[in-house]
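# Breakdown of the fold
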Amino acid sequence: MSEPVIVPRADHPISRRSIDPDALKVLTRLNDAGYTAYLVGGCVRDLLLGRRPKDFDIGTSAHPYQIKKLFRNCWIIGRRFRLAHVKFGDKAIEVATFRKLIPAGEPEPAAEELADLSPETARDLLIHRDNTFGTPEEDAFRRDFTVNALFYDIANRSIIDYVGGLEDI
């Protein structure tokens, strides 16, 4: 695996003031609970380009039912891939667990890999191959465009780029 390009706060234009306050609440709670959580995708691209994002999506190391335990206002959606929607009035902040691509022919998780997980997490792992959780780097490599694979880390206010999205912008 490769080392990401990390752009510190002083070297990019994104300000926390331009991030939806509810997205900041979700990111902060996930981080405070010990999970990795980043803004991801089009919102990071738009903020870098000086545009107002239409929505704010979050990628995290927390599994869907771990997210649900942190937020009373959370609904788990999706049959193929479980996503958490944290609701604030009419608005939903979409929170997805980092995923990785599984090459064709690779086996599903074995029972012993699931033994130490909660029943909810084990069930999530068995839903479909699309539910194979991964690292931020693996998640970045499975995204559709490099500019949609950029992460913003609120903990240190840096941009994280594993796939060359900053060059492509």
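In what follows, the structure referred to is the one given above.
A short tour of the structure in this document, coming up. (Residues numbered from 1 in each chain as written. Predicted model: local features only at pLDDT ≥ 70, side-chain atom pairs only at ≥ 80, totals over all residues. Heavy atoms only, no water.)

### Overview of the overall build of the protein chain
Check the secondary structure of the protein chain and you find seven helices and eight strands. For the protein chain, the proportion of its 169 residues judged to be buried stands at 44%. When the accessible surface of the protein chain is totalled, it reaches about 9,300 Å², and 49% of it is carbon and sulfur. (Helix = DSSP H or I, 4+ residues; strand = E, 2+ residues; numbered from the N terminus. Buried < 20%, exposed > 50% of the residue type's maximum accessible area, 1.4 Å probe, protein only. Areas by Shrake-Rupley, 256 points an atom, 1.4 Å probe, with all protein chains shown as cover.)

### Considering helix 1 (residues 21-32)
Its 12 residues give helix 1 an end-to-end C-alpha distance of 16 Å, which sits within 8% of 16 Å, the value for a rise of 1.5 Å per residue. Taken together, the buried positions of helix 1 are occupied by Asp22, Ala23, Leu24, Val26, Leu27 and Leu30. Check the buried side of helix 1 and you find it contacts strand 2 (37-40), strand 3 (57-60), helix 3 (64-70), strand 5 (83-88) and strand 6 (91-97). Regarding helix 1, its N-cap is Asp20, as a side-chain oxygen of that residue lies 2.7 Å from the backbone nitrogen of Asp22 further along. Looking one or two places after helix 1, you find Gly34, whose phi comes out positive at around 95 degrees. (Expected span 1.5 Å × (residues − 1). Contact = heavy atoms within 4.5 Å. Polar contact = N/O pair within 3.5 Å; in protein donor to acceptor, adjacent residues only side chain to side chain.)

### Notes on the sheet that holds strand 4 (residues 74-77)
Spatial strand order, 1-8-7-2-3-6-5-4: eight strands in an open sheet with mixed pairing. The two strands at the open ends of the sheet, each matched to only one other strand, are strand 1 (5-7) and strand 4. Taking the axes of each pair of neighbouring strands and ignoring which way they run, one obtains an average angle of 30 degrees across the sheet. Where strand 3 meets strand 6, four bridges bridge the pair, whose relative direction is parallel. Opposite Thr60, over in strand 6, you have Thr97 as the bridge partner. (Pairing = 2+ DSSP bridges. Axes fitted to C-alpha atoms, helices over the stretch in contact; angles between N-to-C directions.)

### With respect to the packing of aromatic side chains
Within this structure, the stated rule accounts for five aromatic pairs. Taken together, a centroid distance of 6.4 Å and an interplanar angle of 70 degrees make the contact between Phe81 and Phe133 edge-to-face. With Phe81 in the loop between strand 4 and strand 5 and Phe133 in the loop between helix 5 (119-127) and helix 6 (136-142), this pair connects stretches of sequence that are 52 residues apart. Note on Phe81: relative accessible area 10%, which makes it buried. Note on Phe133: relative accessible area 13%, which makes it buried. Clustering of aromatic rings is evident, with ring pairs tying together Tyr38, Phe98, Phe151 and Tyr162. Between the NZ or CZ atom of Arg99 and the centre of the ring of Phe81, over which it lies, the distance is 3.8 Å. (Phe/Tyr/Trp six-rings, centres within 6.5 Å; stacked < 30°, edge-to-face > 60°. Lys NZ or Arg CZ within 6 Å of the ring centre and 35° of its normal.)

### Topic: the pattern of salt bridges
Within this structure, the stated rule accounts for seven salt bridges. Of the charged contacts, one joins Lys91 and Asp22 as a salt bridge, the two residues approaching to 2.6 Å between their closest N and O atoms. With Lys91 in strand 6 and Asp22 in helix 1, this pair connects stretches of sequence that are 69 residues apart. A relative accessible area of 29% places Lys91 in the partly exposed class. Asp46 is paired through a salt bridge with Arg45; the nearest N and O atoms lie 3.1 Å apart. Exposure remark for Asp46: the relative accessible area of 11% places this residue in the buried category. (Salt bridge = Lys/Arg side-chain N within 4 Å of Asp/Glu carboxyl O.)

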